[in-house]
Amino acid sequence: MRDELTAINANRAKSARAGAGLGALNLVLLLAGGLAMAASQWAIFVHAPEEQVMGLTQKLFYLHLPLAWWGLVSFLLAGLAGAFYLAKRTPGWDALGAAALETGLLLAGLALFTGSIWARTAWNTWWTWDPRLSTALVMCFIYAGVLAVRRLDFSFERRASLSAVLSIVAFADVPLVFFSARLWPRTIHPSIVGNGGLAPEMLAVLLFCLAGLGVFWLGLVLLRCRQALAEQRLERLQILNGENHE
Amino acid sequence: MLKGALILCRKDLALLAGRGGGLVQALLLGLLLIFIFSLTRGPGEAVSPQAAAAIFWISSLFCQVLLFTALYALEESDGQRQALLLAPLPGQSVWLGKALAGLTLLGLAQLVFLPASVIFLGQGMSGSIPGGLALILLTDLGLAALGSMLGALAQGGANQAGRNGPAARESLFSILAFPLLLPLLLAGIRTGAALFAPAAGLEDYGDWVRLILACDAVFSGAGLLLFGFIYDSRE
């Protein structure tokens, strides 16, 4: 046990240096992402032309789509991190998976929220049982369940294994959400991107918003990942401390 | 793997049939659900075929949760789980054995639920009966494959209390299984409606059957590949 504590102490300086480097990168990403998102507001309201039918409400689209897409990317990352954790059993992959899960659920929830505001103006209802909306809500329920599993008092290894398996299984729902508007043609959810439904100025602003949120997303995932790693270290030290006292 | 799975399936079926509790509880819950939903229609009013199919599958889903919880609870005393893990069987045999046992019991329960739906919900069996039953079986395959994998979540913690006790784990099984099974259930409902009334669910019939097959494949693949990571000796 003492050897293990000594090993932790010996690695502390090395970890601290690596942590400081990551912390600086994290700060840069969050600041750059935040600035890009602020600038994207200017682009949305000044550069992008106003849509003729929906007017100002259409501007929500520039926020809604990046939230939804980065949410889906987060779930892909959580699934990949889960697969790598099961293959390598490295705590870092579990931390990355946890961070991606939380961030994905946050972004997907915000995408549902902004979509609901859009629906109120476009369809005169806050919610309708449309395939895209329903599959997205079901996806949020699934990932909320996976997060609930992470809150149970399992041992670290068991919790990480369960979370990894469930993240992989839950990802089966993600393609269904993405392709639902194409699978069920009767959907009223618009599928504009890729169908040439956007003016070039609108597309440019959309890409800028996607990139801005992407940088911020990366910073957020990295921040949560570092926090999860710190939690893991604390948990381990608590266990070691408890064993030392016995 | 198949031989081990069949032995395990036979053992589970014999134990559950001998004790009776697990299957009877699941049957009663399903029947109660069908009966309670039947009270929503007034005298002489008809329940639409799609609503009847939805009630049938909701009953089946709750039945599935109870069945797989009971199947995994069989090894939760006297360290039998550790004994099962030490047995010279691949981990997938446990998953397959439990899935086969669950599938058999679910099929038996549905043999009661189906006539109950016809009687209590005022449905006719005017659709193609062999085709309808085959689609129910196909949907059951997905239910059993995922149920057998997630049922292992409810394992352990028999002596623990509070938020991590068995009750918390069993509720987690439902919380995870229900949304994951939704696409499969939706397809089951749409195709099931065609069993009660041929005109009700014929639209996009092929697409729904393909969705059932896709869910079966995904859940079976996930069970085969990932079950070993869920079912272990750790608490």
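Residues numbered from 1 in each chain as written. Chains lettered and ligands numbered in written order. Predicted model: local features only at pLDDT ≥ 70, side-chain atom pairs only at ≥ 80, totals over all residues.

S.K.: Which residues make up helix α3 (residues 91-122) of chain A, and what values go with them?
M.R.: Taking 1.5 Å per residue, 32 residues should reach 46 Å; α3 of chain A reaches 46 Å between its end C-alpha atoms and fits that length. Count one or two residues on from α3 of chain A and you reach Asn124 of chain A, which has phi positive near 65°. (Helix = DSSP H or I, 4+ residues; strand = E, 2+ residues; numbered from the N terminus. Expected span 1.5 Å × (residues − 1).)

S.K.: Could you give me a rundown of the environment of Arg190 of chain B, with the residues and numbers involved?
M.R.: Residues and elements named next belong to chain B. Inspection of the secondary structure assignment puts Arg190 in helix α7 (residues 166-196). For Arg190, a count of 24 C-beta atoms within 10 Å translates into the label buried. Separated by 118 residues in the primary sequence, Arg190 and Tyr72 have C-alpha atoms spaced 31 Å apart. (Buried ≥ 20, exposed ≤ 12 C-beta atoms within 10 Å, placed from the backbone.)

S.K.: I'd love a proper account of the nonpolar core, names of residues and values included.
M.R.: All names here are of chain B. Leu67, Leu146, Met149, Leu181 and Ile230 are the most contacted members of the largest nonpolar core, which totals 136 residues. In terms of residues, this core owes the most to one element, α7, which gives 16 residues. With near-sequence residues (within four places) excluded, Leu67 lies in contact with Gly22, Ala26, Gly102, Leu105 and Leu106. (Core = buried A, V, L, I, M, F, W, Y, C linked by C-beta atoms within 7 Å. Contact = placed C-beta atoms within 7 Å.)

S.K.: Outline the confidence of the model for chain A, supporting the account with residue identities and numerical values.
M.R.: The predicted model of chain A has a mean per-residue pLDDT of 84, with 84% of residues at 70 or higher. Per-residue pLDDT, averaged within each element of chain A, yields its smallest value for helix α6 (residues 173-183) of chain A (73) and its largest for helix α2 (residues 61-88) of chain A (94). (pLDDT = per-residue confidence, 0-100.)

S.K.: So what about unusual backbone geometry? Which residues, and what values?
M.R.: Working note: non-glycine residues mostly have negative phi, and peptide bonds are mostly trans. All names here are of chain A. Despite not being glycine, Arg89 shows a phi value in the positive range, around 60°. Secondary-structure assignment places Arg89 in the loop between α2 and α3. Positive phi, normally seen in glycine, also occurs at Asn124, with a value near 65°. Relative to the helices and strands, Asn124 resides in the loop between α3 and α4 (131-150).

S.K.: Which residues make up the environment of Ala68 of chain A, and what values go with them?
M.R.: Residue and element names in this part refer to chain A. By the element assignment, Ala68 lies in helix α2. Taking the C-beta count within 10 Å as the criterion, Ala68 has 21 such neighbours and is therefore assigned buried. With 36 residues separating them along the chain, Ala68 and Gly104 place their C-alpha atoms 8.9 Å apart. Setting aside its immediate chain neighbours within four residues, Ala68 contacts Ala108 and Ala111.

S.K.: Requested: an account of the interface of chain B and chain A, with residues and values cited.
M.R.: It is common to give the size of an interface as the accessible area that goes away when the parts come together. Opposite the 16 residues of chain B that make contact, chain A presents 20 residues. Going through the elements one at a time, α7 and α8 (205-230) of chain B are the ones with two or more residues in the side of chain B that touches chain A. Ranked by the residues each element gives to the side of chain B that touches chain A, the list is headed by α7 of chain B, at eight residues. The residue inventory of the side of chain B that touches chain A, partitioned by class, reads 14 nonpolar, one polar and one charged. (Nonpolar A, V, L, I, M, F, W, Y, C, P; charged D, E, K, R; others polar.)

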